[in-house]
Amino acid sequence: MPNPLAPRSTLGSLVLIAAVVGTTAAAFAYTAGWLSPNRLTPARFVAAFAPPGGPASGHRRNHAKGVCFTGFFEANGAGAALSKATVFTRGRYPVVGRFNLGTADPTVVDATVRVRGIGVQIKTPDGQEWRTAMIDAPFFPVATPQAFYALLVASAKKNDPAAMKDFAAAHPEIGNFGAWAKSAPFTESYAEERYNSLNSFVFTDPAGNDHVVRWSLIPAAQVVTLSAEELGKRAPNFLEDEIAQRVAGGPLHWAMAVTLAEPGDPTADPSKAWPEGRRTVEVGTLTADKVIAEPDGPCRDINYDPTILPTGIRTSDDPFPAARSAVYAVSFDRRTAEEGDYPHTAQEKQK
Amino acid sequence: MIAPLSRFTLPQRGLHWLMAACILAMLFIGVAMVSTVKPAHLTLVSLHKPLGIAILILAVLRIAVRLVSRAPGLPADLPAPMKLAASLSHYLLYALMIAMPLIGWGMVSAGGYPVVLLGGVRLPAILPQSDLLHAALWSAHQVLALAFFAVILLHVAAALFHGLIRRDGVFASMAP
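For clarity, every value in this text was computed on a predicted model and none was experimentally measured.

Trainee: Hey, could you run me through the overall build of chain A in this one?
Mentor: If you tally the helices and strands in chain A, you get nine helices and twelve strands. Along the first, second and third principal axes, the C-alpha set of chain A runs to 95 × 55 × 45 Å. Per-residue burial over chain A gives 39% buried out of 351 residues. Taking the contacts inside chain A whose residues are at least 6 apart along the sequence as the reference set, 74% of them involve residues at least 24 apart.

Here it is, written out as structure tokens:
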């Protein structure tokens, strides 16, 4: 049979086919991380949050205890000069939020948790959405996601006192957070917390200029701090109970303050606060007027992924939002698959 | 003598190779984006979504073209099991090209996420928010992605088998 192709042995051809298929499969396996057991994958990160007994099925893998609220964000228009995002044009936009505690245990005693947080989802009529998850600490414990993973691993080694010492030696920035955790007073209410984005983001203004910013929610409520003794006497769920009672007496407010970085500020490192005196613009007020238990609340199924941003806000050189997005997605994928383990009503819970 | 096979039409060959590049890139982007916490994660996710929609559009176009243009037949002397395998694997490939983007879109919708493509283009949710749907579609997306890659490897191996060993014109019918 005449054949224009050069004669080739069948064996040689089979080897060639195996080589093409094998190389492609190997490249795929490498890309997927299957050949790199040390790669810091979102799944490994999520595993590091789990307490020794394993994660609480059906719940968020961190900030697992929380309560939903609804309300609105009322923009005063001042933010429109900083970002073209619709959410900053004067107006009132609906909010679904979540007060929460920085713990992997949804049954924890409230008083034992140092970090309190808030998740906020603001929707504007043009279909855009801004999700942000903030905490009450003034800076993050560590400078990079890799260091945070190392912190989780070190702090899980309860029987190895050298683990935390070694960690602190390698990541001295943890000292600031340690000092804050020891000395900052505990407030009596979610309503009295100041919540901080910690991560920086980029606002693009209508003229196309970029501004690197961080934002905070500053409570309108008067701050009442609790002594360690008073704190110890509070009921296990006092924060949830208190906020539900408080909102029944009238809506709760926070001013949203946007702080602008100046050249040279550590925009990529949330463990470093920016110097005092940076220009800060109050862009509006967050109001919570209804508190709803989480099991059947509107925040339950929201992943407060901080990279869900409206046009006019984008991520900066801060590496955390990307890592948070990747890790939160795994947490969300797991807990939605475990939906049945977290009953929607208190009645079901008792079964 | 094997009767010379006609080739696929130029639009069919063009669509095939364009989609081959898109789908392979898509599968590599997919496994890469879920395996890293680095900033590349966001870049890869922002490529994954519009590329998926592009593949969905191209797949619909391709099936339409295929229905109009027909395809060259397989060699008469190809053993029946191979003919069956060829036919089944092609149905499977077409099904995955359509299903994977829809499952991904549905999964994002059921997760309550906004469906945003590059440049801020927003697509509607195609499913209501639901934990059960999200979990089922997420599992399906993951399992079918691996199956898709496996079928593509088989497809490549078979194409090379036709081109290098059988030399029966099947490879040439789709060669660029």
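Trainee: Honestly, the interface of chain A and chain B in this entry has me stumped. Any pointers?
Mentor: Accessible area lost during the coming together of the parts is what is often quoted as the interface size. The interface is formed by 41 residues belonging to chain A together with 32 residues belonging to chain B. For the side of chain A that touches chain B, the secondary structure elements donating two or more residues are α1 (10–31), α2 (42–49) and α8 (320–337) of chain A. A breakdown of the residues in the side of chain A that touches chain B according to their chemical character gives 21 nonpolar, 14 polar and six charged.

Trainee: Sorry if this is basic, but what is going on with the nonpolar core here?
Mentor: A general feature of soluble globular proteins is that nonpolar side chains tend to end up buried together. Counting residues in each nonpolar core, the largest one holds 80 residues, and the members touching the most others are Phe73(A), Val87(A), Ile122(A), Leu217(A), Met256(A) and Leu286(A). With eight residues, helix α3 (residues 80–110) of chain B is the largest single contributor of residues to this core. Residues contacting Leu217(A), with those up to four places away along its chain left out, are Ile118(A), Met134(A), Arg194(A), Tyr195(A), Trp254(A), Met256(A) and Leu286(A). Counting residues in each nonpolar core, the second largest holds 13 residues, with Ala322(A), Ala323(A), Ala326(A) and Val327(A) among its members.

Trainee: Honestly, the pairing of strand β10 (residues 252–260) of chain A in this entry has me stumped. Any pointers?
Mentor: Side-chain positions along a regular strand alternate between the two faces of the sheet. Residues and elements named next belong to chain A. Two strands pair when backbone bridges link them, and strand β8 (residues 210–219) and β10 are joined in this way by seven bridges, in the antiparallel orientation. Counted as the bridge partner of valine 213 is leucine 260 from β10. Relative to strand β11 (residues 280–292), β10 runs antiparallel, the two being bridged by eight bridges. Looking at the pairing, alanine 257 lines up with glutamate 282 of β11.

Trainee: Even after reading the chapter, I still don't get the pairing of strand β1 (residues 65–75) of chain A, so can you show me in this structure?
Mentor: All names here are of chain A. For β1, a buried count of eight out of eleven residues is recorded, marking the element as mostly surrounded by other parts of the structure. Two strands pair when backbone bridges link them, and β1 and strand β2 (residues 91–101) are joined in this way by eleven bridges, in the antiparallel orientation. Note that in β2 the partner of glycine 71 across the bridge is valine 95. Pairing of β1 with β11 involves eight bridges; the strand directions are antiparallel. Paired with glutamate 74 across the two strands is threonine 285, which belongs to β11.

Trainee: Quick question: what am I supposed to make of the packing of α2(A) against helix α3 (residues 145–156) of chain A here?
Mentor: The axes of two packed helices give the description: the angle between them and the distance between them. Residues and elements named next belong to chain A. Where α2 contacts α3, the axes come no closer than 9 Å and their chain directions differ by 35°. In this structure, α2 meets α3 at a crossing whose hand is left-handed. Here α2 contributes Phe45, Ala48 and Phe49 to the contact with α3, which in turn contributes Tyr149, Leu152 and Val153. Of the residues that constitute the contact of α2 with α3, the class distribution is six nonpolar, no polar and no charged.

Trainee: What is the right way to look at the packing of helix α1 (residues 10–33) of chain B against helix α2 (residues 40–69) of chain B in this model?
Mentor: Residue and element names in this part refer to chain B. At a minimum axis separation of 9 Å, α1 and α2 run at an interaxial angle of 150°. What the angle tells us is that α1 and α2 run roughly antiparallel. Seen along the crossing, α1 lies across α2 with a hand that is left-handed. Of the residues belonging to the contact of α1 with α2, the class tally is 20 nonpolar, six polar and two charged.

Trainee: How should I be thinking about the environment of Arg13(B) in this particular structure?
Mentor: Assignment of secondary structure puts Arg13(B) in helix α1. With sequence-adjacent residues up to four places away left out, Arg13(B) is seen in contact with Phe8(B), Met174(B) and Pro176(B).

Trainee: What is the right way to read unusual backbone geometry from this model?
Mentor: A negative phi angle characterises most non-glycine residues, just as the trans form characterises most peptide bonds. Unusually for a residue other than glycine, Leu198(A) sits at a positive phi of about 60°. Relative to the elements of secondary structure, Leu198(A) occurs in the loop between β6 (195–196) and β7 (201–204). Phi is positive for Arg167(B), close to 45°, though the residue is something other than glycine. With respect to the secondary-structure elements, Arg167(B) resides in the loop between α4 (131–166) and α5 (170–174). Arg167(B) gets classed as partly exposed once you count the C-beta atoms within 10 Å, which come to 18.

Trainee: Could you clarify how one ought to interpret the environment of Ala147(B) in this entry?
Mentor: All names here are of chain B. With respect to the secondary-structure elements, alanine 147 resides in helix α4. Accessibility expressed as a C-beta count within 10 Å gives 14 for alanine 147, which makes it partly exposed. For alanine 147 and leucine 93, which are 54 residues apart along the polypeptide, the C-alpha to C-alpha distance reads 9.9 Å.

Scoring rules and cut-offs
Residues numbered from 1 in each chain as written. Chains lettered and ligands numbered in written order. Predicted model: local features only at pLDDT ≥ 70, side-chain atom pairs only at ≥ 80, totals over all residues. Helix = DSSP H or I, 4+ residues; strand = E, 2+ residues; numbered from the N terminus. Buried ≥ 20, exposed ≤ 12 C-beta atoms within 10 Å, placed from the backbone. Contact = placed C-beta atoms within 7 Å. Nonpolar A, V, L, I, M, F, W, Y, C, P; charged D, E, K, R; others polar. Core = buried A, V, L, I, M, F, W, Y, C linked by C-beta atoms within 7 Å. Pairing = 2+ DSSP bridges. Axes fitted to C-alpha atoms, helices over the stretch in contact; angles between N-to-C directions. Left-handed = near helix turned anticlockwise from the far one by under 90°. Parallel < 35°, antiparallel > 145°, perpendicular 65-115°, else oblique.

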